[in-house]
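# Residue-level structure breakdown
The lines below spell out each chain.
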Amino acid sequence: MTKFNAWNVIKNGLNGQSYWTRQWRDPEPKSSYDVVIIGGGLHGLATAYYLAKNHNIKNVAVLEKGWIGGGNAGRNTTIVRSNYMMPGNHEFYEHSLKLWENLSHELNYNVMFSQRAHVSLFHSPGAKDSVSRIYNIMRLHGTDAELWDLKTLKKKIPHLNYHNSRFPILGAAVQKRAGNARHDAVAWGYARAADTLGVDILQNCEVTGFTRKNGNIESIQTSRGIIKGKKIGFAVAGNTSVLWQMAELGNLPIESHKLQAFVSEAVKPLLDQVVVYGVGGAHFYISQSDKGSMVFGGDLDWYKSYAQRGNLPMVQDVAEAAMAIFPSLGRIRLLRHWAGVMDMTMDGSFFICKTPISNLYLNAGWNYGGFKASPASGWYFADLIANESPHNYVQNHNLERFEKGINIDERGAGPDPKLHG
Amino acid sequence: MIRINCPYCGERDHSEFSYGGDATINYPSLDASEKEWTEAIFFRKNIKGFQFETWHHSNGCRMWLVVERSTITHEIKSVKPCHPDLQKVVKNNK
């Protein structure tokens, strides 16, 4: 693997770009590994990378049923933020944001992380109080957070609809260190960095069954043969329940829902921040990619589904929200829209935990927020697998929290998965 | 758009309805253990394939329905009123 640096860029520039090597190997599966991670998305790849990097466990395989970057890694709106208030969540996401800040150097891969600020609009004194509380909690924990009054907001983003008489904009809650990144680059960067440390990335390798022995999972049946793993990790958000039942473990506090994302044609620089608009049943978030496309999304399709395609009522809903807050988008053309399958959990928070099978570990339930969580998710999942006990930050992110009554419900929406957007 | 054939109103767009959730949950008795209640409230089969689920015709007759729908293709096999007595009434009227 050729390192990306100025010297190699110049050398290859003079040699017709012919000395670059492939980004990661395409190995044949070995018969056994110390750790097998099922799911080659951002979380699975990050886990493999931190297992090798932080814990020196390098005999690791990542099984991916499709190709790297083909699942939810390539189906998100690339927003990175850490505006959480519940104990466990804010430390976790803040650590994730800190990992993002150095990720390009860490991986020797430009993930184009851009800390352009995350601007969450509010439209009533009640909403201002509510968001002030959350952002104050963030400040108390050392996360950056501030409120912009209307004057500041108008100066920063002059072309929002400030004449909406139904939902007038009063100001915004802002996290300046938040922003977005290039999702493909994150997947490729983690895959390349993990591969360099000796991790086998096995694409087109779908898990079809498990063989149990003495209560443990002894081996995994895959479309590329039988693979043994001393420890096994699930990181397959969207399809967690399917694997969980394949391992005969019963039910989970998860429903699979689909969430759409949209990309417009490329336009000249229009929007410098990530803007979030959510009021009166609308939910809309938008940013502009480095290529110039407007990247935006809204709510779930509101019914359970494993289909990776969106339905039209939500397209209309999102377009209406766009026009309500950003009328200048009216003539812009939509290039693509797609849907990803989310693990929506019963309290809107994730799981990084042990399971009833002693050599099986679970990483699941990322709701809307999987993308920004990827670095910390890999970090703490690797930590759990290597050390056999959860770090303090994720000690309550387990399946037992519901019975204990310590749900981690940021929105206070109750046990209805589709409401935790 | 999914089309749901409401037994009271006829076939309508799914945007007239609100999705409820798993229609097969049996709530335990009030004095059942915490474990049983946790299971009923928080844990789901999350079926990939055909499942029975509730929908509310919120912008129509406002009746609750049980719909048998595929969570992969969204194909609908059957739509019935939620309440078993109403199922009989609808049947007898047809």
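Above this note sits the structure.
The paragraphs below set out a description of the structure included in this document. Given the structure is predicted, the values throughout are model-derived calculations rather than measurements.

### A look at the overall build of chain A
Within chain A, the regular secondary structure consists of 11 helices and 18 strands. A compact globule built from 421 residues would reach a C-alpha radius of gyration of about 22 Å, and chain A, at 22 Å, matches this within 12%. Over its C-alpha atoms, taken along the principal directions, chain A stretches across nearly 65 × 65 × 40 Å. The buried share of chain A, taken over its 421 residues, is 58%.

### Some thoughts on the overall build of chain B
If you tally the helices and strands in chain B, you get 2 helices and 6 strands. Written out in order from the N terminus, the α and β elements of chain B read β-β-β-α-β-β-β-α. Over its C-alpha atoms, taken along the principal directions, chain B stretches across nearly 40 × 30 × 20 Å. Within chain B, buried positions represent 38% of all 94 residues.

### Section: the sheet that holds strand S4 (residues 118-122) of chain A
Residue and element names in this part refer to chain A. Read across the open sheet, the 8 strands follow the order S5-S6-S4-S13-S14-S15-S12-S16; overall the sheet is mixed. Among the strands making up the open sheet, the edge pair consists of strand S5 (146-149) and strand S16 (334-345). Pairwise comparison of adjacent strand axes, ignoring direction, gives a mean angle of 25° for this sheet. Looking at chain direction, strand S12 (residues 254-266) and S16 are connected through 11 bridges and run antiparallel. Looking at the pairing, Ala261 lines up with Trp338 of S16. Strands S4, S12, strand S13 (274-277), strand S14 (284-288), strand S15 (293-304) and S16 of the sheet are contacted by helix H9 (residues 312-325), whose axis makes an angle of about 135° with S15.

### Remarks on the packing of helix H2 (residues 42-55) of chain A against helix H10 (residues 370-387) of chain A
All names here are of chain A. At a minimum axis separation of 7 Å, H2 and H10 run at an interaxial angle of 45°. As far as their axial angle goes, H10 and H2 are oblique. Between H2 and H10 lies a crossing of right-handed hand. Looking at side-chain class alone, the contact of H2 with H10 contains 12 nonpolar, 9 polar and 1 charged residues.

### Comments concerning the interface of chain A and chain B
Taken residue by residue, the interface counts 28 residues in chain A and 25 residues in chain B. Summed over both partners, the interface of chain A with chain B comes to about 2300 Å²; 51% of that surface belongs to carbon and sulfur atoms. When the buried surface of chain A facing chain B is broken down by residue, Tyr303, Lys304 and Glu403 of chain A rank first, second and third, together holding 27% of it. For the pair chain A and chain B, the number of links is 1 salt bridge. Between Glu403 of chain A and Lys35 of chain B there is a salt bridge; the shortest N-O distance is 3.3 Å. Viewed at the interface, chain B and chain A are joined by 16 residue pairs in polar contact (both at pLDDT 80 or more). Broken down by secondary-structure element, the contributors of at least two residues to the side of chain A that touches chain B are helix H8 (240-246), S12, S15 and helix H11 (401-404) of chain A.

### Points about the packing of aromatic side chains
Across all of its chains, the model carries 25 aromatic pairs over all chains by this definition. Ring centres of Phe92 of chain A and Tyr380 of chain A lie 5.7 Å apart, and the angle between their planes is 40°; this geometry places the pair in the tilted category. Here Tyr380 of chain A lies in helix H10 and Phe92 of chain A lies in helix H3 (residues 89-101), a separation of 288 residues in the sequence. Neither residue differs from the other here; Phe92 of chain A and Tyr380 of chain A are each classed as buried. When the ring of Phe402 of chain A is compared with that of Phe43 of chain B, the centres are 6.4 Å apart and the planes differ by 85°; the resulting orientation is edge-to-face. Linking Phe402 of chain A in helix H11 with Phe43 of chain B in the loop between helix H1 (34-42) and strand S4 (50-56), this pair reaches from one chain into another.

### Notes on the pairing of strand S2 (residues 10-13) of chain B
Residues and elements named next belong to chain B. Sheet analysis places strand S1 (residues 3-6) next to S2, joined by 4 bridges and oriented antiparallel. Its bridge partner being in S2, Ile4 is matched across the sheet by Arg12. Remark: 3 residues form the turn of the hairpin made by S1 and S2, two consecutive strands paired antiparallel.

### Regarding the side chain of His257 of chain A
Along the chain, His257 of chain A turns up in strand S12. A distance of 2.9 Å separates polar atoms of two side chains, one belonging to His257 of chain A and the other to Glu255 of chain A. Within the local environment of His257 of chain A, its side chain forms a polar contact with the backbone oxygen of Tyr303 of chain A, the two atoms lying 3.4 Å apart. What His257 of chain A contacts, discounting residues up to four positions off in sequence, is Leu300, Trp302, Tyr303, Lys304, Ser305, Gly340, Val341, Met342, Met344 and Lys418 of chain A together with Tyr19 of chain B.

### Things to note about the sheet that holds S4 of chain B
Residues and elements named next belong to chain B. With antiparallel pairing, the 4 strands of this open sheet are ordered in space as S3-S4-S5-S6. Among the strands making up the open sheet, the edge pair consists of strand S3 (18-22) and strand S6 (76-81). Across the sheet, the mean angle separating the axes of adjacent strands is 30° when strand polarity is ignored. Pairing of S4 with strand S5 (residues 64-70), which is carried by 7 bridges, proceeds in the antiparallel orientation. Paired with Thr54 across the two strands is Val66, which belongs to S5.

The rules behind the values
Residues numbered from 1 in each chain as written. Chains lettered and ligands numbered in written order. Predicted model: local features only at pLDDT ≥ 70, side-chain atom pairs only at ≥ 80, totals over all residues. Heavy atoms only, no water. Helix = DSSP H or I, 4+ residues; strand = E, 2+ residues; numbered from the N terminus. Rg over C-alpha atoms; globule rule 2.2 N^0.38 Å. Buried < 20%, exposed > 50% of the residue type's maximum accessible area, 1.4 Å probe, protein only. Pairing = 2+ DSSP bridges. Axes fitted to C-alpha atoms, helices over the stretch in contact; angles between N-to-C directions. Contact = heavy atoms within 4.5 Å. Parallel < 35°, antiparallel > 145°, perpendicular 65-115°, else oblique. Left-handed = near helix turned anticlockwise from the far one by under 90°. Nonpolar A, V, L, I, M, F, W, Y, C, P; charged D, E, K, R; others polar. Buried area = accessible area lost by both parts, 1.4 Å probe. Salt bridge = Lys/Arg side-chain N within 4 Å of Asp/Glu carboxyl O. Polar contact = N/O pair within 3.5 Å; in protein donor to acceptor, adjacent residues only side chain to side chain. Phe/Tyr/Trp six-rings, centres within 6.5 Å; stacked < 30°, edge-to-face > 60°.

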